[in-house]
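Chain residues, written in single-letter form:
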Amino acid sequence: MSIAAVIGLGTMGAGIAAVLARSGMTVRGFDVSAGAIEATRRKLPSISGVLDDLGVPARGSASDIVLTDALEDAVAGADLVIENVPEEIGLKRAVLAEVAGLVSGSCVLASDTSGIPISRLQEGLPSPERVVGMHWSNPPHIIPVVEVVAGHGTSAATVDWMMATVRRLNLIPVRVKRDVPGFVENRILYAVMREALDLVERGVVDAEDLDTCVSWGIGYKLSVVGPMSLLDMAGLDIYGSVASYLNRDLCSRDDVSPWAEEKIASGRLGLKTGEGIYAYHQDEAASLGAARARRLVAVRRALDASGEGGP
Ligand SMILES: NC(=O)c1ccc[n+]([C@@H]2O[C@H](COP(=O)([O-])OP(=O)(O)OC[C@H]3O[C@@H](n4cnc5c(N)ncnc54)[C@H](O)[C@@H]3O)[C@@H](O)[C@H]2O)c1
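Here we take up the sheet that holds strand β8 (residues 172-176). In spatial order, the strands read β3-β2-β1-β4-β5-β6-β7-β8; together these eight strands make up an open sheet with mixed pairing. Of all strands in the sheet, those with a lone pairing partner are β3 (66-68) and β8, marking the two edges. Averaged over all pairs of adjacent strands, the angle between strand axes in this sheet comes to 25°, irrespective of strand direction. In the sheet, strand β6 (residues 131-135) pairs with strand β7 (residues 145-150) via four bridges, with the strands oriented antiparallel. Following the sheet pairing, Met134 is matched in β7 by Val148. Packing of helix α1 (residues 13-22) onto the sheet brings it into contact with β1 (3-7), β2 (26-30) and β4 (80-83), and relative to β2 it is tilted by some 165°. Where helix α6 (residues 156-168) meets the sheet, its contacts fall on β4, β5 (108-111), β6, β7 and β8, and the angle it forms with β7 comes to roughly 175°.

Structure representation (structure tokens):
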């Protein structure tokens, strides 16, 4: 049975650890924060409930995950280490270097970075060929796609191993062929976010109406028909006509939206601070998270049940 270690147990760590354990791997989780370890312990039972609802085969249990505040215990004998520490290149490089000094020559070091090129993370490590991007989506126990990203130094064998491992986890791997910042998913998402923020900021539409428009319009459709298929569905001639005037008018700013910047500066960060784009009641974060998980599970079950393959 293979051994996996999850380093960093914040937003992403618990769900990733639970998926790995469910597939039958021996799993250990490590964090520098005792609070994060405790929060993970509390979250694991409900995450297992969601995996039950999704019908994910149970070859192992999240209750067997060992959570520790000792890095060397977490990574001892590991075949796979996934780092999930905050998105700071210096921190990630330091963590990967420390882990590399503790594991065997065959251990794969994966990073869940949202978009730092893997080539930059593997620089200076003793075995860059074993370093690979494994980019999950939040919530990681519900969204089935994982981007697999090779840096300049990653070997083809490591990429193949990771693609096979993601499939064994009951997830859908997507091979990203070039190590571009943001990979694929976040490049698309951030293009959407830039336009969405600009439309609300300019008063073209209210925030709630924008969410309704995207979720029930393109969002709903895209979960069944991906953008490339959508181009064929609409007709490339129609796309060409619209894009010829619309592309010029789309938001192309290369800084962060001032509206978002102002909220960040005043500490209005969203759910975690009680206010962001919207205002939230105390304790709403937990109930919203559970309600969103239920809806995501329902949609995924419906798509799976249609039996007609992915987008
Ligand atoms: N949140 C998302 O939606 C999302 C989605 C996909 C990928 N990611 C990526 O996953 C990574 C983690 O994101 P997150 O949202 O879980 O962050 P987070 O801030 O919620 O959690 C990070 C955790 O890492 C811990 N940590 C800090 N330094 C550490 C160290 N030296 N060793 C071990 N643990 C340490 C922190 O205590 C914290 O618990 C980032 O690279 C992020 O870009 C996030």
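What follows is about the packing of helix α7 (residues 185-201) against helix α8 (residues 207-222). Packing of α7 against α8 leaves a shortest axis separation of 9 Å and a crossing angle of 145°. The chirality of how α7 crosses α8 is right-handed. Contact residues: α7 offers Ala196, Leu199 and Val200, while α8 offers Ala207, Leu210 and Val214. Residues that form the contact of α7 with α8 fall into these classes: six nonpolar, no polar and no charged.

Where α1 contacts helix α2 (residues 34-53), the axes come no closer than 9 Å and their chain directions differ by 55°. Looking at the two axes, α1 sits oblique to α2. α1 and α2 meet at a crossing whose hand is right-handed. Each of Gly13, Ala14, Gly15, Ala18 and Arg22 in α1 lies in contact with α2, whose residues at this interface are Thr40, Lys43, Leu44, Ile47, Ser48 and Leu51. Among the residues making up the contact of α1 with α2, the classes are represented as five nonpolar, four polar and two charged.

Right, let's talk about the domain arrangement of the chain for a bit. Where the parts come together, the accessible area they lose is often given as the size of the interface. Each assigned domain of the chain is listed with its residue range as follows: domain 1 (3-176) and domain 2 (186-305). Computed over C-alpha atoms only, the centres of domain 1 and domain 2 are separated by 27 Å. Facing the seven residues of domain 1 at the interface are five residues of domain 2. Its residues placed into classes, the side of domain 1 that touches domain 2 shows four nonpolar, two polar and one charged.

Rules and cut-offs
- Residues numbered from 1 in each chain as written.
- Predicted model: local features only at pLDDT ≥ 70, side-chain atom pairs only at ≥ 80, totals over all residues.
- Pairing = 2+ DSSP bridges.
- Helix = DSSP H or I, 4+ residues; strand = E, 2+ residues; numbered from the N terminus.
- Axes fitted to C-alpha atoms, helices over the stretch in contact; angles between N-to-C directions.
- Contact = placed C-beta atoms within 7 Å.
- Left-handed = near helix turned anticlockwise from the far one by under 90°.
- Nonpolar A, V, L, I, M, F, W, Y, C, P; charged D, E, K, R; others polar.
- Parallel < 35°, antiparallel > 145°, perpendicular 65-115°, else oblique.
- Domains from an automatic or database assignment.

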